[in-house]
Amino acid sequence: AKFKRHGAITMPLFRRNKILSNINIIIDGTDQLLDRWRTQSSEHVHTDIVEQCQNLLLEVFGMIAFDYDLETINENLSENKNELTEALKYIVDVFRMITYAPSIISTTYLKYNPRYQRARTTIERYLNNMVEQELTESLDSRTERKKISLIASLVSSLQTDEKAEAVKKEEDKKGISRKELFDEMLMFLIAGYETTSTALAWCIYQLSKHPRIQEKIKKELIDDNTGQYLSFDHLDSFVYLDCFINEVLRYSPTTDGTSRTVVVDDCLPSSGTRLYKGDQVLIPSSALARDDRHWKIDPNLFYPERFLNEDKHRHPCAFLPFGNGHRQCIGQDLARLELRIILARMLQQVTIGDGGPEFNTGGCIQRLTIVPKHVGVTIQFS
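It should be emphasised that the depicted structure is a prediction, and the values quoted were computed from it without experimental measurement. (Residues numbered from 1 in each chain as written. Predicted model: local features only at pLDDT ≥ 70, side-chain atom pairs only at ≥ 80, totals over all residues. Heavy atoms only, no water.)

### With respect to the layout of surface pockets
Short version of the rule: A cavity here means a set of points on a 1 Å grid, drawn over the protein atoms and nothing else, where a 1.4 Å probe fits but cannot get out; a pocket is an open set with protein on both sides within 12 Å along at least five of seven lines, and a residue lines either one if it has an atom within 4 Å of a point. Grid points are joined across faces, edges and corners, and a volume is the space filled by probe spheres set on the points. Where helices and strands are cited, they refer to DSSP runs of H or I of at least four residues and of E of at least two residues respectively, numbered from the N terminus. Side-chain classes follow a simple rule in which Ala, Val, Leu, Ile, Met, Phe, Trp, Tyr, Cys and Pro form the nonpolar group, Asp, Glu, Lys and Arg form the charged group, and the remainder, Gly included, forms the polar group.
Approximately 230 Å³ is the volume found for the second largest pocket. Residue lining of the second largest pocket: Glu83, Glu86, Ala87, Lys89, Tyr90, Asp93, Arg115, Arg118, Ala119 and Thr122, and that is the complete set. Put simply, the parts of the chain that give the lining of the second largest pocket at least two residues each are α5 (83-98) and α7 (114-135). With six residues, α5 is the largest single contributor of residues to the lining of the second largest pocket. Taken together, the residues that form the lining of the second largest pocket break down as three nonpolar, one polar and six charged.

Structural data, given as C-alpha cells:
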C-alpha cells in the first residue's frame, strides 16, 4: 500500500513524454562541462572523470527533478566539488556498508556516527531550501507544474503533520508526510545521480579503450546527405549508440544485483529448493550478464554489436541493468535519455583518448555502485 501511494505521485513524472521535455537541460549541463574541458590542454590527462560525471549528473538531475541548481560551489572546496556532492557520496558509502547489517547495528551506527549526522544535516539543509522555495509558489502555479516537476508533485502531495499522525492505517493514508517527502527526495537524489554518473564514467572509460567503437558512434551521429551532425530530433535513430550503452551496462554494471523478499512459501521446480515467506532472494544481475549459457557471443568480450544481431533476442533475465517487474527502476527512461544526450553531445565535439597505462588501468571500487577505480583520459576537440 505504501509503495502504491508513493508510486502514484512519482511514476507518472518519469514517462517518456514527460522526460523528453528535459533535453535542453541535459544539453546545457553537458555544454558547461565541455567548456571547462576547453580550458585544458589536449595533452592533459583527466584523472577525475568519476567526480566530473557526478557533478554533471547532480546538476542535471537537480534541475530536472527539483528545478534547483545544485552546482553551488563551496569556496572552501576545490572547483570540481561542492558540499552537497561530498555529503551525498558519504551517505552512499555508508548505505553500502550497512546494507546487509542487522537493523539494530545499522541504526545504532547511524545514530552515533558524527560524520553521517553532519552529512545528513547538509543534505537536509539543501532539501529544505528546495521545499521552502517551492512553497512560496502560488497554488495555481504549483498545481500546473506538478504535472512535470517531481518537487512540485511531492510538495503538492504533502500532508499536514496533524493529519499524518491521525491516520494510522496505511491503506487509508493519502499524500505523504514531511518525513516521507525528505526520504523520497534523498532517495531520488542518490539514485538519480549516483547510478547514472557511474554508468557515464564507465562509458567514457570504454570509449577511451575502443577507438573503433568511438568512431562508429561518431559516424552514426552525422547525416550522410549533408555531412552535418544530426539534431536530437533524430535521437531514436542512434541505434549503435544505444547498443554501446547497453554493452557498457552489461560489461561494466553499476550494481551487483538486487534482492526480493519471498511473500509466500514456495518451491523451485528445477531443484526442489524450498523458499519460505520472509526469505531474501538475491538476483545477481552482474553474474547473469557474464553467464555464457545465455549469450551467443563470448560475454567476456566488450562488443556492442551483440545487441544488433546474435544476442538481440537473449533470455529476458540475462540482462537486467534496471531490474524487472513491478519494482524495476522507475527512472530508467530518464537515465537512458541522459546517457544518450550527454554521449552524443560529447562525441559531436571531442575525441576521448587513452591517458596511458599509468592513469587508465580501469579496475573498480565497490560502493553503493561499482565505480571505476582508475580512469585517465585525454580530450581532443575536433
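Having seen it, we continue.
### Things to note about the environment of asparagine 128
Operational definition: Any residue under 20% of the maximum accessible area for its type is buried, any over 50% is exposed, and the rest in between are partly exposed; the area is computed with a 1.4 Å probe on protein chains only.
Of note, asparagine 128 is situated in helix α7. Take asparagine 128: its relative accessible area is 34%, and that puts it in the partly exposed class.

### Details of the UniProt feature "binding site: heme" (unreviewed entry) in the protein chain
The criterion, for reference: UniProt positions are given in the numbering used here, feature names are shortened, and annotations may be inferred rather than shown by experiment.
Summarizing the sequence annotation, UniProt attributes the feature "binding site: heme" (unreviewed entry) to Cys329 in the numbering used throughout. As for its position among the elements, cysteine 329 is in the loop between α14 (285-288) and α15 (332-347).

### Some thoughts on the packing of helix α13 (residues 239-251) against α15
Heads up, the condition is: Convention adopted: a line fitted to C-alpha atoms gives each axis, helices being fitted over their contacting stretch, and angles between N-to-C directions are expressed from 0 to 180 degrees. A crossing counts as left-handed when the near helix is turned anticlockwise from the far one by less than a right angle, and as right-handed when that turn is clockwise. What makes two residues a contact is simply this: any of their non-hydrogen atoms within 4.5 Å.
Running from N to C, α13 and α15 cross one another at 115°; their axes reach a closest spacing of 11 Å. With respect to the hand of their crossing, α13 and α15 are arranged in right-handed fashion. Residue-level inspection shows Leu241, Asp242, Phe244, Ile245, Asn246 and Leu249 of α13 in contact with α15, the latter providing Arg336, Leu339, Arg340, Leu343 and Ala344.

### So, the domain arrangement of the protein chain
The parts lose accessible area when they come together, and the size of an interface is often stated as this lost area. Operational definition: Per the annotation, domain bounds derive from an automatic or database assignment of domains. Two parts lose some accessible area (1.4 Å probe) when they are put together, and adding that loss for both gives the buried area. Put simply, a salt bridge is a Lys or Arg side-chain nitrogen that is within 4 Å of an Asp or Glu carboxyl oxygen. Side-chain atoms alone can form a polar contact between residues adjacent in sequence; in general such a contact is a pair of N or O atoms within 3.5 Å, and within protein one must be able to donate a hydrogen while the other accepts it.
For the protein chain, the domain assignment lists domain 1 (1-252 + 329-381) and domain 2 (255-320). The interface of domain 1 with domain 2 comprises 21 residues on the first partner and 16 residues on the second. Summed over the three residues of domain 1 that lose the most area to domain 2, namely Glu247, Arg250 and Tyr251, the buried surface amounts to 42% of that side. For the interface between domain 1 and domain 2, the tally reads three salt bridges. With a shortest N-O distance of 3.0 Å, arginine 212 and glutamate 305 are connected by a salt bridge. Across the domain 1-domain 2 interface, the total number found is nine residue pairs in polar contact (both at pLDDT 80 or more).

### Side note on the pattern of salt bridges
Taken as a whole and judged by the stated rule, the model has 17 salt bridges. The partner of aspartate 291 in a salt bridge is arginine 293, and the shortest N-O contact between them spans 2.6 Å. Classification of arginine 293 by relative accessible area gives exposed; the value is 68%. Salt bridges linked by common partners bring Arg16, Asp236, Asp242 and Arg340 together as one network.

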